[in-house]
Amino acid sequence: MSILITGGAGFIGSHLCERLLKTGHKVICVDNFITGDHSNIDHLMKDPNFRLIEHDITNPILGEELDLEDVTEIFNLACPASPIDYQKIPLETLWVSAAGTKNMLDLAVKLKARFLQASTSEVYGDPLEHPQKESYFGNVNCLGPRSCYDEGKRFGESLITNYSHKYGLDTKIVRIFNTYGPKMRAHDGRVIPNFITQALSGKSITIYGDGYQTRSFCYVDDMVDGILALMATKDFKGPVNIGNPEEYSIKALAEKIVELTDSKSKIVYKNLPQDDPKVRRPDITLAKKTLGFEPKIKFEHGLKKTIEWFKNIS
Ligand code: NAD
Ligand code: UDP
């Protein structure tokens, strides 16, 4: 019995690989390293229960040739996730959510495997409902700079739902809210790695806009708990929000990181990117009820662990 994880060399995917190996599973990581990092999985390469297949999932993956017959679960995480990343490679981003997801669904049908899709809070766009419940249809600009990601993920949700109906596939959709922790790339452009690396190097901390836009940050270990709990459910497909409902302004985040790093960095203000969501906070009532999910890691503790990690790699 093996578990296949696409995007397993990325930030969340590599934590998931680690956790599943620790709990005695065989893991197959499929990644093309477009935004992933070898250093996230280098330490796993010696583990006989770990296998890496370097492959772009927008091309079909063939079960017989790659000896995938014993795969019982597929976690489909492959997709650039940082706005800076996906706006550099918008077509690859659209295509991995469309063709990549289709190819992995075809594999799941062939292997009769359970399938979990990493979707996103971005399906709610710049939300007009707050906090966001799964029933909210969202407010996405289908032509804007974030649309390659948002619309790709929305298409993915529809594709999965229709595969599930047509082929009786056991599918799950998790809507992941902002997640942070060790193994984020220092230059992936997301707010927590940006602020921590700026604070540690004494460079100016770049707030986009007035800093009163909000986000709710979930530590990666909590996210992995939620994803695994969802995959373990029977007769539940989601979509379900997983995240931490504590909400912070970006300005408050900058000030907290300056305080925790004891930094002399100044805060500077830059233009707010187009279509940047003004608020974001998950309603996790459904996750609590169906998965018993409750984030455990306090924000300050998670930030301290992340800061330590960035100190050690710099
Ligand atoms: P990441 O960029 O660190 O990881 C994505 C991984 O997918 C990388 O290793 C990349 O190389 C791989 N990949 C991309 N395209 C591929 C392709 N065509 N074939 C094979 N591999 C490919 O991002 P992450 O933060 O770990 O996000 C993982 C998943 O969770 C993504 O699907 C993302 O949309 C979703 N998500 C993440 C967050 C977050 O806050 N981190 C929030 C919402 C949703
Ligand atoms: N942000 C910022 N400074 C940075 C990076 C990001 O002010 O150096 C802001 C960004 O405009 C957004 C929030 O922080 O309002 C979260 O950005 P991120 O790219 O981490 O994720 P998003 O939730 O927008 O996908």
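Heads up: the structure comes first, above all this text.
First, a word on what this report is: a plain description of the structure on this page. (Residues numbered from 1 in each chain as written. Chains lettered and ligands numbered in written order. Predicted model: local features only at pLDDT ≥ 70, side-chain atom pairs only at ≥ 80, totals over all residues. Heavy atoms only, no water.)

## So, the overall build of the protein
When its secondary structure is counted, the protein shows 10 helices and 13 strands. Relative to a compact globule of 314 residues, whose C-alpha radius of gyration would be 20 Å, the protein shows 19 Å and is just as compact. Taken over the C-alpha atoms alone, the protein extends approximately 55 × 45 × 35 Å along its principal axes. In the protein, buried positions account for 55% of the 314 residues. (Helix = DSSP H or I, 4+ residues; strand = E, 2+ residues; numbered from the N terminus. Rg over C-alpha atoms; globule rule 2.2 N^0.38 Å. Buried < 20%, exposed > 50% of the residue type's maximum accessible area, 1.4 Å probe, protein only.)

## Some points on the environment of Thr306
Mapping Thr306 onto the fold places it in helix α10 (residues 299-313). Measuring from C-alpha to C-alpha, the distance between Thr306 and Leu286 comes to 28 Å, with 20 residues separating the pair along the chain. When near neighbours in sequence (up to four residues on either side) are disregarded, Thr306 contacts Tyr180, Gly181, Pro182, Ile192, Ile196 and Tyr219. (Contact = heavy atoms within 4.5 Å.)

## Describing the packing of helix α6 (residues 191-201) against α10
Where α6 meets α10, the closest approach of the two axes is 10 Å, and the angle between their N-to-C directions is 60°. Classified by the angle their axes make, α6 and α10 are oblique. In the crossing of α6 with α10, the sense of the turn from one axis to the other is right-handed. Across from Ile192, Pro193, Ile196, Thr197 and Leu200 in α6, the residues of α10 making contact are Phe299, Leu303, Thr306, Ile307, Phe310 and Lys311. In terms of residue class, the contact of α6 with α10 is built from 8 nonpolar, 2 polar and 1 charged. (Axes fitted to C-alpha atoms, helices over the stretch in contact; angles between N-to-C directions. Parallel < 35°, antiparallel > 145°, perpendicular 65-115°, else oblique. Left-handed = near helix turned anticlockwise from the far one by under 90°. Nonpolar A, V, L, I, M, F, W, Y, C, P; charged D, E, K, R; others polar.)

## A closer look at the environment of Pro273
By secondary structure assignment, the location of Pro273 is in the loop between β13 (267-270) and α9 (285-291). You can call Pro273 partly exposed: its relative accessible area is 34%. With 127 residues separating them along the chain, Pro273 and Arg146 place their C-alpha atoms 9.8 Å apart.

## So, the site of ligand 1
In the region of ligand 1, 28 residues are neighbours, and Ile12, Asp31, Thr35, Tyr149 and Thr179 sit closest. The separation between an oxygen atom of ligand 1 and a polar main-chain atom of Gly36 is 3.0 Å. Sorting the residues of the shell around ligand 1 by element identifies α1 (11-22), β5 (114-120) and α5 (147-167) as the ones contributing at least two each. (Near = heavy atom within 4 Å. Polar contact = N/O pair within 3.5 Å; in protein donor to acceptor, adjacent residues only side chain to side chain.)

## Observations concerning the site of ligand 2
Taken together, the neighbourhood of ligand 2 is formed by 18 residues, with Thr206, Tyr208, Arg215, Asp276 and Arg280 sitting nearest. With respect to ligand 2, the backbone of Thr206 contributes an N or O atom lying 2.6 Å from a nitrogen atom. Tyr208 places a main-chain nitrogen or oxygen 2.8 Å from an oxygen atom of ligand 2. Expressed as a share of its isolated accessible area of 520 Å², the protein-covered part of ligand 2 is 95%. Among the secondary structure elements, those contributing two or more residues to the shell around ligand 2 are α6 and β8 (205-208). Here the residues of the shell around ligand 2 are counted per class, giving 7 nonpolar, 5 polar and 6 charged. (Areas by Shrake-Rupley, 256 points an atom, 1.4 Å probe, with all protein chains shown as cover.)

## Brief notes about the pattern of salt bridges
The final tally for this structure, using the stated rule, is 22 salt bridges. Arg146 serves as the salt-bridge partner of Glu122, at 2.7 Å between the closest nitrogen and oxygen. Of the two residues, Glu122 is situated in the loop between β5 and α5 and Arg146 in the loop between β5 and α5; the sequence distance between them amounts to 24 residues. Grouping residues by exposure puts Glu122 and Arg146 together as buried. (Salt bridge = Lys/Arg side-chain N within 4 Å of Asp/Glu carboxyl O.)

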